Amino acid sequence: QQPVQSPQAVILREGEDAVINCSSSKALYSVHWYRQKHGEAPVFLMILLKGGEQKGHDKISASFNEKKQQSSLYLTASQLSYSGTYFCGTEHSGNTPLVFGKGTRLSVIA
Amino acid sequence: EAGVAQSPRYKIIEKRQSVAFWCNPISGHATLYWYQQILGQGPKLLIQFQNNGVVDDSQLPKDRFSAERLKGVDSTLKIQPAKLEDSAVYLCASSTRRDRAGELFFGEGSRLTVL
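Right, let's walk through the structure included here. (Residues numbered from 1 in each chain as written. Chains lettered and ligands numbered in written order. Predicted model: local features only at pLDDT ≥ 70, side-chain atom pairs only at ≥ 80, totals over all residues. Heavy atoms only, no water.)

What follows covers the state of the cysteines. Working definition of a disulfide: a covalent bond connecting the sulfur atoms of two cysteines. Residue and element names in this part refer to chain A. By the definition in use, this model includes two disulfides over all chains. Shown here is the disulfide that connects Cys 22 with Cys 88, its sulfur atoms set 2.0 Å apart. Every disulfide takes its handedness from the sign of the S-S torsion; for Cys 22 and Cys 88 that torsion is 75 degrees, giving right-handed. With Cys 22 in strand β3 (residues 18-23) and Cys 88 in strand β9 (residues 84-91), this pair connects stretches of sequence that are 66 residues apart. Both residues of the pair, Cys 22 and Cys 88, belong to the buried class. (Disulfide = S-S within 2.5 Å. Helix = DSSP H or I, 4+ residues; strand = E, 2+ residues; numbered from the N terminus. Buried < 20%, exposed > 50% of the residue type's maximum accessible area, 1.4 Å probe, protein only.)

Encoded structure:
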């Protein structure tokens with residue numbers, strides 16, 4: 001079942017923060033986040049495996065609320081290099097395939 | 001370490017013709033995936049291999065698409081006959097994880113245009 005991402009698109013100025021949400025109507029086993037720049041392959045950001053888990057590197061972090069069946073990706077003090085389309089992927093069990101959402105297009109401008 | 005290799009990068013064909021895409025995963029990666037990404041959408045899983053066995057092909061249109069993974073390494077995805085709606089980027093990805101998706105390493109993709 002495809003997760004729902006919001007917003008569909010967002011424009012930020014350098015230094016601003018953004019939150020991208022990913023939600024599912026079914027219980028989640030794991031949430032994966034990827035970023036894809038135009039014309040390039042998706043690149044792995046992080047996986048969250050447990051409810052309540054939070055992860056991050058640099059100024060990009062994510063949380064996983066198992067009860068609410070959702071995950072949020074936080075981008076703080078955005079940089080031009082953060083521009084791209086962010087996809088969440090979800091699994092409902094260890095035996096179900098990874099299904100990606102439609103993506104959130106993030107544009108960071110100077 | 002070499003990444004996931006795919007070819008061709010671009011292919012233009014007419015509807016009802018056939019096309020084949022090739023993928024060479026990262027060495028040692030047991031799991032291989034083929035995704036279809038239509039413009040403006042997220043990648044959609046077509047087929048997942050574990051070594052040379054099929055784990056999931058529930059969304060593969062089997063009347064026209066076929067895929068194989070020879071000797072658990074390289075893989076080919078074939079479309080025959082192609083339809084206009086098959087125009088998309090076909091992404092190959094590989095992973096070391098066995099029982100659930102770990103980090104996926106994607107190739108640059110093969111862009112198909114069906115006229």
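Under the definition given, this model contains nine aromatic pairs over all chains. Centre to centre, the rings of Tyr 34 of chain A and Phe 106 of chain B are 5.8 Å apart; their planes meet at 90 degrees, and the pair counts as edge-to-face. With Tyr 34 of chain A in strand β4 (residues 30-36) and Phe 106 of chain B in strand β10 (residues 105-106), the pair connects residues from two separate chains. Across this residue pair, the class does not change: Tyr 34 of chain A and Phe 106 of chain B are buried. An aromatic cluster is built from Tyr 34, Phe 44 and Phe 100 of chain A together with Tyr 33, Tyr 35 and Phe 106 of chain B, whose rings are joined through pairwise contacts. (Phe/Tyr/Trp six-rings, centres within 6.5 Å; stacked < 30°, edge-to-face > 60°.)

The next point concerns the environment of Ser 83 of chain A. Residue and element names in this part refer to chain A. As for its placement among the helices and strands, Ser 83 is situated in the loop between β8 (70-75) and β9. Considered as a pair, Ser 83 and Ser 107 are 24 residues apart in the sequence and their alpha carbons are 4.7 Å apart. Discounting chain neighbours no more than four positions away, the residues touching Ser 83 are Arg 35, Lys 37, Leu 106, Ser 107 and Val 108. (Contact = heavy atoms within 4.5 Å.)

Any functional reading would require information beyond the geometric quantities listed.
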